[in-house]
Amino acid sequence: MALDRRNFLKAAAATAGGAALSACGGSKEKAACCKATSESACCKGKDAKLNLSFQESTPPGADLKEKFDFMENLGITGFEPGGRGLAGRVKELKEALSGRNIKVSAICAGFSGFILAEDEKVRQEFFDTMYAIIEAAGELGSTGVIMVPAFNSQVPVKPHTQETRDFLCEQLDKVGAFAVQHNTTVILEPLNRGEAFYLRLVADAASLCRDINNPGVTCLGDFWHMTREETCDMGAFLSAGKYLQHVHMASRKRRSMPGEDGEADNYVAGFKGLKMIGYDKYVSFECGCQSEDRAATVTAAVQLLRNQWEQA
């Protein structure tokens, strides 16, 4: 076959399509998304790094010392505590982490009330508790405090309109400014529609960050929620770009340890996206554990993610 311009372009398109299809897990729709987003992406893979983080319930251990010993032996460098009561734990956590190669990553929520409440008293409860967590997060050197604008169970809530979005941007700008004063951020987390209808896509969270244009307002991608909402893991992370501050990790069927759902637990496409944006923050476990041998299961999950990061 003569390698004329038409045949060359056909061959190139087939190769690109096959690569995108493989990266996105075999779906033609996902492949199209990945191809479109990757064409405009700035590849910074050499700057990317897989920094793994555990929530407090992830590692085995009777107390923080045992948990942190286990984490250090696995090379885990991040710790994601819950936000509830965090102000009263600052001294405890600082002492437990002293001299260790583990830093506080994000803070997992813990506030009361919610920012999109119709009731002003409920909104004020959110601000009062959120600001206390942000102050503690700053003292601990945390990357940010994770928040959701409203869960489905939180009512009465402002309607899903442009006016509500404008209101949310105004309020988040205030919270972000407070976070910057304390050398940290707030991190918007999109959830699946079963938990929170208002904010479901990573791109939507990133667009809020862009419109607010405040360094204290960032976003998160959670593989568990992304499984149900995103058409392409790679595309989701590329859409977040510089606004991506944190990543949550779980198995893709039961929200257990990565690997406990077998072949479904493939994160390579998402890791490709993280590498393309030069992501060097934390990938944190937020999941349960089906196995009675937690130590062995967690260890296997860590190795699985490291192997897939290398594959990406």
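Going by the structure above, here's the rest.
The following refers to the structure shown. (Residues numbered from 1 in each chain as written. Predicted model: local features only at pLDDT ≥ 70, side-chain atom pairs only at ≥ 80, totals over all residues. Heavy atoms only, no water.)

1. Re the environment of Tyr243
Topologically, Tyr243 is positioned in the loop between α9 (233-240) and β8 (244-249). When the C-alpha positions of Tyr243 and Val202 are compared, they lie 10.0 Å apart, and in sequence the two are 41 residues distant. In this structure Tyr243 touches Ala206, Cys209, Arg210, Thr218 and Cys219, once residues within four positions along its chain are discounted. (Helix = DSSP H or I, 4+ residues; strand = E, 2+ residues; numbered from the N terminus. Contact = heavy atoms within 4.5 Å.)

2. Examining helix α5 (residues 120-140)
The terminal C-alpha atoms of α5 lie 30 Å apart, and with 21 residues this matches the ideal 30 Å at 1.5 Å per residue to within 8%. What α5 keeps buried is the set Arg123, Phe126, Phe127, Met130, Ile133, Ile134, Ala136, Ala137 and Leu140. Looking at the buried residues of α5, the elements they touch are α4 (90-97), β3 (103-104), β4 (106-108), β5 (144-147), α6 (162-181) and β6 (186-188). You can read the cap of α5 off the contacts: a side-chain oxygen lies 2.8 Å from the backbone nitrogen of Lys121, and it is on Asp119. Just downstream of α5 lies Gly141, where phi reads positive at about 75 degrees. (Expected span 1.5 Å × (residues − 1). Buried < 20%, exposed > 50% of the residue type's maximum accessible area, 1.4 Å probe, protein only. Polar contact = N/O pair within 3.5 Å; in protein donor to acceptor, adjacent residues only side chain to side chain.)

3. Describing a negative patch on the surface
On the surface, Glu163, Asp166, Glu170 and Asp173 cluster together into a negatively charged patch. With respect to the helices, strands and loops of the structure, Asp173 is situated in helix α6. On the basis of relative accessible area, Asp173 is assigned to the partly exposed category, the value being 35%. (Patch = residues over 30% accessible without salt bridge, like charges linked within 9 Å, V, L, I, M, F, W, Y side chains within 5 Å. Areas by Shrake-Rupley, 256 points an atom, 1.4 Å probe, with all protein chains shown as cover. Salt bridge = Lys/Arg side-chain N within 4 Å of Asp/Glu carboxyl O. Lys, Arg positive; Asp, Glu negative; His and termini not counted. Charge placed at Lys NZ, Arg CZ, Asp CG, Glu CD.)

4. Comments concerning the pairing of strand β7 (residues 217-222)
For β7, the tally of buried residues reaches 6 of 6 residues, placing the bulk of the element in the interior. Because side chains alternate across β7, one face comprises the buried residues Val217, Cys219 and Gly221, and the other comprises Thr218, Leu220 and Asp222, equally buried. In the sheet, β6 pairs with β7 via 3 bridges, with the strands oriented parallel. Bridged to Val186 within β7 is Val217. In the classification by handedness, the crossover that spans β6, the intervening helix α7 (residues 202-212) and the parallel β7 is right-handed. (Pairing = 2+ DSSP bridges. Right-handed = clockwise from strand over helix to strand, strands pointing away.)

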